[in-house]
Amino acid sequence: MAPSFGAGPQTPEVTVGPLDLAARVDEALAVQAVAFGLSPEEVGVRRHIVLRHLASPGARALGATTPGGRLVGFVYGMPNDRVHWWSTVVEPYLRHNGTDAWLDDSFVITELHVHPSHQGRGVGRELITRIIDSAAEPRSILSAIDTESPARALYRALGYLDLAGQVHFPSSPRPYAVMGAHLPLRRA
């Protein structure tokens, strides 16, 4: 049975609800490109990755849309599997810290992005808490650029703790941190 996400406004100008990410992948990646500073080449690569992820069992997405239907934020994730590429990259870092058990029985937040024009309004918080509320797993994991940022502050406020730092993905010059939280997430 697919999880049910009720549509509910976070702010008067944005509604968070289910997102057919495969149908709106280009809109979502346009948000990610602006929010994360991706080049057109990186967007092309990520498009294939997103579509491949959506074929994974339990993958699901939520979007934040304006009344006119413009997508201004999205989140997607899935139950983690140690054979996924992301897990194979982060596993040695987690094992080194004795935290590799987090890769089992966890829901991974694969991507969470909000257009800069809508950041700081609670949209990211609403997206991540709503998708995590539908998770059957007892914990969640994610990766974020390993620097102090509003995103890392949000994750910490929700209960995510650092599991490993200075994680290097082959496709990124910037190091990442892997974070994990026991569910349910903390509420403010």
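How each quantity is defined
- Residues numbered from 1 in each chain as written.
- Predicted model: local features only at pLDDT ≥ 70, side-chain atom pairs only at ≥ 80, totals over all residues.
- Heavy atoms only, no water.
- Helix = DSSP H or I, 4+ residues; strand = E, 2+ residues; numbered from the N terminus.
- Buried < 20%, exposed > 50% of the residue type's maximum accessible area, 1.4 Å probe, protein only.
- Contact = heavy atoms within 4.5 Å.
- Areas by Shrake-Rupley, 256 points an atom, 1.4 Å probe, with all protein chains shown as cover.
- Lys, Arg positive; Asp, Glu negative; His and termini not counted.
- Charge placed at Lys NZ, Arg CZ, Asp CG, Glu CD.
- Axes fitted to C-alpha atoms, helices over the stretch in contact; angles between N-to-C directions.
- Parallel < 35°, antiparallel > 145°, perpendicular 65-115°, else oblique.
- Left-handed = near helix turned anticlockwise from the far one by under 90°.
- Phe/Tyr/Trp six-rings, centres within 6.5 Å; stacked < 30°, edge-to-face > 60°.
- Lys NZ or Arg CZ within 6 Å of the ring centre and 35° of its normal.
- Pairing = 2+ DSSP bridges.
- Core = buried A, V, L, I, M, F, W, Y, C linked by side-chain atoms within 4.5 Å.

Chemist: Sorry, what's going on with the overall build of the protein chain here?
Modeler: Across its full length, the protein chain holds five helices and eight strands. Tracing the protein chain from N to C terminus, the helices and strands come up as β-β-α-α-β-β-α-β-α-β-α-β-β. For the C-alpha atoms alone, the extent of the protein chain along its principal axes is close to 50 × 35 × 35 Å. Buried positions account for 47% of the 188 residues belonging to the protein chain. Sequence-distant contacts, at least 24 apart, represent 67% of the contacts inside the protein chain between residues at least 6 apart. A total of about 9000 Å² of accessible surface is found on the protein chain, and carbon and sulfur atoms cover 57% of it. Positive and negative side-chain charges of the protein chain, numbering 17 and 18 respectively, have mean locations separated by a distance of 3 Å.

Chemist: How do you make sense of the side chain of Ser56 when you look at a structure like this?
Modeler: Following the sequence through the fold, Ser56 ends up in the loop between helix 2 (40-53) and strand 3 (60-65). The class of Ser56 is buried, set by a relative accessible area of 13%. Leave out the neighbours within four places in its chain, and Ser56 touches Met78 and His84.

Chemist: Just checking my understanding: could you explain the environment of Val123 for this structure?
Modeler: With respect to the helices and strands, the residue Val123 is situated in helix 4 (residues 123-133). Taking the relative accessible area as the measure of exposure, Val123 reaches 1% and is therefore buried. Taking the C-alpha atoms as reference points, Val123 and Ile145, 22 residues apart in sequence, are found 19 Å from one another.

Chemist: Mind showing me how you'd approach the packing of helix 1 (residues 25-36) against helix 2 here?
Modeler: The geometry of a pair of packed helices is captured by two quantities: the angle between their axes and the separation between those axes. The N-to-C vectors of helix 1 and helix 2 enclose an angle of 130 degrees; their axes lie 10 Å apart at closest approach. In terms of orientation, helix 1 lies oblique with respect to helix 2. Like other packed secondary-structure pairs, helix 1 and helix 2 cross with a definite hand, here right-handed. Between helix 1 and helix 2, the residues in contact are Val25, Asp26, Leu29, Gln32, Ala33 and Phe36 and Val43, Arg46, Arg47, Val50 and Leu51, respectively.

Chemist: Is there a simple way to explain the packing of aromatic side chains in this structure?
Modeler: Centre-to-centre distance and the angle between the planes together describe a pair of aromatic rings. Scanning the model with the defined rule gives three aromatic pairs in all. Ring centres 5.9 Å apart and planes at 65 degrees place the aromatic pair Tyr155 and Tyr160 in the edge-to-face group. Both residues of the pair, Tyr155 and Tyr160, belong to the buried class. Their ring planes at 85 degrees and their centres at 5.2 Å tell us that Phe169 and Tyr176 sit as a pair that is edge-to-face. Each member of the pair, Phe169 as well as Tyr176, carries the same accessibility label: buried. The rings of Trp85, Phe169 and Tyr176 are connected pair by pair, giving a single aromatic cluster. Here the basic side chain of Arg139 rests over the ring of Trp102, its NZ or CZ set 5.1 Å away from the ring centre.

Chemist: Help me understand the pairing of strand 3, please; the structure alone is not making it clear to me.
Modeler: Two faces make up the sheet, and in a regular strand the side chains alternate between them. Taken across its six residues, strand 3 has six buried, putting it largely inside the fold. Taking every second residue as pointing to the same face, both faces of strand 3 are buried, with Arg60, Leu62 and Ala64 on one and Ala61, Gly63 and Thr65 on the other. In terms of strand pairing, strand 2 (residues 14-18) meets strand 3 through four bridges, oriented antiparallel. Within strand 3, the residue paired with Gly17 across the bridge is Gly63.

Chemist: Explain the nonpolar core here, please?
Modeler: Where a protein is soluble and globular, its nonpolar side chains tend to be buried together. Membership of the largest hydrophobic core comes to 26 residues, with the highest contact counts inside it found for Leu21, Trp86 and Val90. Looking at this core, the elements that each hand over two or more residues are helix 1, strand 4 (71-79), helix 3 (85-97), strand 6 (139-145), strand 7 (161-167) and strand 8 (176-182). Residues within four places of Trp86 in sequence aside, it is in contact with Asn80, Leu103, Val108, Ile141, Leu142, Ser143, Phe169 and Val178. Judged by nonpolar contacts, the second largest core, of 25 residues, contains Val114, Ile128, Ile131 and Leu142.

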